[in-house]
Each structure stands twice: as structure tokens, then as C-alpha cells.
Amino acid sequence: MKAIITGASSGLGKEFAIQLSKMGYDLVLVARRKDKLKEIKQQLETNVEIVCLDLSFPTNCVKLFKKYRKDNIDILINNAGFGVFGTFDKTPLDKELEMIDTNIVAVHTLTKLFLQKFKKDDAGYIMNVASAAAFQPGPLMASYYASKSYVYNLSAAIWQELKKEKSNVKISVLCPGPVNTEFNDVAGVKFGVKAQESNDVVKYALNQMFKNKLRIIPGFYMRLLLFLEKFVSYKSLLKITYNIQKSKVK
């Protein structure tokens, strides 16, 4: 058994590595920070390969696939991603485009390439890490929210295609609320509400993935909030989201 995890140097990616290793999976850990990957590798008991790549470059996504296309890969976890905070007119364009390439283009590319491989093998799991942000616009993090919406809707459409084809390939999309990771340090914000622990999120996510659940939302509180959003007007939701984001300023 073998799994590929992107964004594996910290946060959810690191926790996916820890828990999958305990389940007996050999791992391919992908991230930019080689030192962090080496540290994680030393903590794990199964065979671990580390691949230092910046997935914001589409050619590196193709390179990663070509390196492992003949291997027996059971799981792909598209976890690499980051956020940019600020009003849309003031956030750095180059940073936003890098984020779009990481959050959208890399996920799109790797999902397509490995889905084609998995369908030939008639087996395999893909988990794309989105966010609860996928379900509404995000004033002050407009591009990030939009990128996660893309990941969610892409994954959902593929899930339905696979279901209609009665394929043994499975795809899930993880949509957590706030999680204690390095995400906020990169985005330059702090959480306005209590965050979940990454080990709890990953344990729940893997359990649901193996049950072929499409939408994975860890935590009763977050599932309740998303349910209640249905009863709020669109403009009110925008205002609420703006105020939540505003409260994150460090």
C-alpha cells in the first residue's frame, strides 16, 4: 500500500503522513521544505520517499506524476495550498497567482493525471483538501475562498461521474473549518473562533474517505454552522463572513 501526500511538510499533510504510516502505508511526501520532510521521515516506521517540488509550477505536477505513474499508488492526497489575506485591490498579484497555481492548477493537474491512472487500474482513492470556505464568498480572502470553491465543485463533479460509471475509484473532498496548523501564519491572520486539532481532523477524514463519502466536514459545530447558513440571506452571509475575516487581523 502506498500513498502520495502533497503539502506534507506540516499541518494536515504531516498528520496524514503520520496516520497513514501507522496504518501500514508506504509514503511519498511532497513539499518545498526538504529539511521538514526529512524530520517527518525520521518519525515514521514505513518506507518514506521525500520529493522536494514547488507545485505552483504545473511542470512539477507533471514531473511528479511521471515519476510514480508505474508505481502501485493507492491514495493521492492533494493537500498543498495556502491563503492570502487582504482586500482584493491591495493583495499582491504575484502572491495570489502563486496561490491559484498551488490551490487550483496543481490540484486540477494531479487529480486528472492520477484519476486517469486509477481508472486504468480500477482502484484508488483521491482526497482533495478544500475548506469550509468553499461554501461561500470570502471578503478579505476573496481569492482563497474562490480557489477552495473550485476544488470542492471539481471534486463533486468527478464523484458523480465515477458513481455513474460504477467505478471502483473513489474521490472525496475535505472541507474543515479552522485547524491548528501553520496556515494562519502564512496568510498573516489569526483564528476568530476555536480551531480543531489536526489529528482529529485527519482521523475523521480518513475514516470518511474509506467509506466513499464525498463531502467530509469534520466537527459537529462546523456542520451545524454550514447547515444554518442556508437560512441566511446572501448579503447577510457576505457581511457575516467579512466580520469574521476582519476579526482575524493580527
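Model, not experiment: these values are computed from the prediction. (Residues numbered from 1 in each chain as written. Predicted model: local features only at pLDDT ≥ 70, side-chain atom pairs only at ≥ 80, totals over all residues. Heavy atoms only, no water.)

1. A look at the side chain of Q136
Turning to step 1, where the next piece is worked out: Relative to the helices and strands, Q136 is located in the loop between β5 (125-129) and α5 (142-164).
Turning to step 2, where the next piece is worked out: Here A132 takes part through its backbone oxygen, which lies 3.3 Å from a polar atom of the side chain of Q136. (Helix = DSSP H or I, 4+ residues; strand = E, 2+ residues; numbered from the N terminus. Polar contact = N/O pair within 3.5 Å; in protein donor to acceptor, adjacent residues only side chain to side chain.)

2. Observations regarding the environment of D101
Turning to step 1, where the next piece is worked out: Tracing the backbone shows D101 in helix α4 (residues 93-121).
Turning to step 2, where the next piece is worked out: Between the C-alpha atom of D101 and that of S56, which follows or precedes it by 45 residues, the distance is 4.8 Å.
Turning to step 3, where the next piece is worked out: Setting aside residues no more than four positions away along its own chain, D101 makes contact with L55, S56 and A106. (Contact = heavy atoms within 4.5 Å.)

3. Describing the pairing of strand β3 (residues 48-52)
Turning to step 1, where the next piece is worked out: Looking at chain direction, strand β2 (residues 26-31) and β3 are connected through five bridges and run parallel. Within β3, the position partnered with L29 by the bridge is I50.
Turning to step 2, where the next piece is worked out: Read as a crossover between parallel neighbours, the route from β2 over helix α2 (residues 34-43) to β3 is right-handed. (Pairing = 2+ DSSP bridges. Right-handed = clockwise from strand over helix to strand, strands pointing away.)

4. Remarks on helix α7 (residues 198-209)
One full turn of an α-helix is made of 3.6 residues, so residues set three or four places apart face in the same direction.
Turning to step 1, where the next piece is worked out: Here α7 contains 12 residues, and its C-alpha end-to-end distance of 16 Å stays within 8% of the 16 Å for a straight helix at 1.5 Å per residue.
Turning to step 2, where the next piece is worked out: Tucked into the core, α7 has its buried residues touching α1 (11-22), β4 (75-78), β5, β6 (170-174) and β7 (215-216). (Expected span 1.5 Å × (residues − 1).)

5. Structural notes on the pairing of β5
Turning to step 1, where the next piece is worked out: Within β5, four of the five residues are buried, which leaves the element mostly enclosed by the surrounding structure.
Turning to step 2, where the next piece is worked out: The sheet contact formed by β4 and β5 spans four bridges and is parallel. Each residue of the ladder has a partner; that of N78, found in β5, is N128.
Turning to step 3, where the next piece is worked out: Looking at chain direction, β5 and β6 are connected through five bridges and run parallel. Bridged to I126 within β6 is I171.
Turning to step 4, where the next piece is worked out: What joins β5 to β6 is α5, and the crossover it makes is right-handed. (Buried < 20%, exposed > 50% of the residue type's maximum accessible area, 1.4 Å probe, protein only.)

6. Points about the packing of aromatic side chains
Turning to step 1, where the next piece is worked out: This model, assessed by the stated rule, comprises five aromatic pairs.
Turning to step 2, where the next piece is worked out: When the ring of F65 is compared with that of F114, the centres are 5.1 Å apart and the planes differ by 90°; the resulting orientation is edge-to-face. Here F65, found in helix α3 (residues 58-68), pairs with F114, found in helix α4; they are 49 residues apart in sequence, far enough to count as distant.
Turning to step 3, where the next piece is worked out: F114 sits in the buried class, given a relative accessible area of 0%. (Phe/Tyr/Trp six-rings, centres within 6.5 Å; stacked < 30°, edge-to-face > 60°.)

7. Observations concerning the environment of V84
Turning to step 1, where the next piece is worked out: Locating V84 in the fold gives a position in the loop between β4 and α4.
Turning to step 2, where the next piece is worked out: What makes V84 buried here is its relative accessible area of 10%.
Turning to step 3, where the next piece is worked out: With 60 residues separating them in the primary sequence, V84 and Y144 have C-alpha atoms 6.5 Å apart.
Turning to step 4, where the next piece is worked out: Setting aside anything within four residues of it in sequence, one finds V84 in contact with T91, P92, K95, E96, M99, L140, M141 and Y144.

8. Some details on α5
Turning to step 1, where the next piece is worked out: If you check α5, its first and last C-alpha atoms are 34 Å apart, about what 23 residues at 1.5 Å a residue would give, namely 33 Å.
Turning to step 2, where the next piece is worked out: Taken together, the buried positions of α5 are occupied by S143, Y144, Y145, S147, K148, V151, Y152, L154, S155, A156, I158 and L162.
Turning to step 3, where the next piece is worked out: Where α5 ends, the next residue or the one after it, K166, has phi of about 55°, a positive value.

9. Side note on the pattern of salt bridges
Turning to step 1, where the next piece is worked out: The full count for this structure, using the stated rule, is seven salt bridges.
Turning to step 2, where the next piece is worked out: Close ionic contact of D71 with K2 constitutes a salt bridge, the shortest N to O distance being 2.9 Å. Highlighted residues: D71 in the loop between α3 and β4 and K2 in strand β1 (residues 2-6), separated in sequence by 69 residues.
Turning to step 3, where the next piece is worked out: Linking K117 and D121 is a salt bridge whose minimum nitrogen-to-oxygen distance equals 3.3 Å. You can see K117 and its partner D121 sitting in helix α4, four residues apart, about one turn around the helix.
Turning to step 4, where the next piece is worked out: K117 sits in the buried class, given a relative accessible area of 9%.
Turning to step 5, where the next piece is worked out: A residue is classified by how much of its surface remains accessible, and D121, at 42% relative accessible area, is partly exposed.
Turning to step 6, where the next piece is worked out: Here the salt bridges do not stand alone but share partners, grouping R32, D54, K95 and E98 into one network. (Salt bridge = Lys/Arg side-chain N within 4 Å of Asp/Glu carboxyl O.)

10. Considerations on the nonpolar core
The nonpolar side chains of a soluble globular protein tend to be buried, and buried together.
Turning to step 1, where the next piece is worked out: Core analysis: the biggest nonpolar cluster contains 28 residues, and I5, F16, L20, L27, L29 and L174 have the highest contact counts within it.
Turning to step 2, where the next piece is worked out: Counting residues per element, the ones that place at least two in this core are β1, α1, β2, α2, β4, β5 and α7.
Turning to step 3, where the next piece is worked out: For L174, the residues in contact, after removing those within four places along its chain, are L12, F16, M127, N128, V129, A130, S131, V201, A205, I216 and P218.
Turning to step 4, where the next piece is worked out: In this structure, V30, L53, L64 and F114 belong to the second largest nonpolar core, which totals 25 residues. (Core = buried A, V, L, I, M, F, W, Y, C linked by side-chain atoms within 4.5 Å.)

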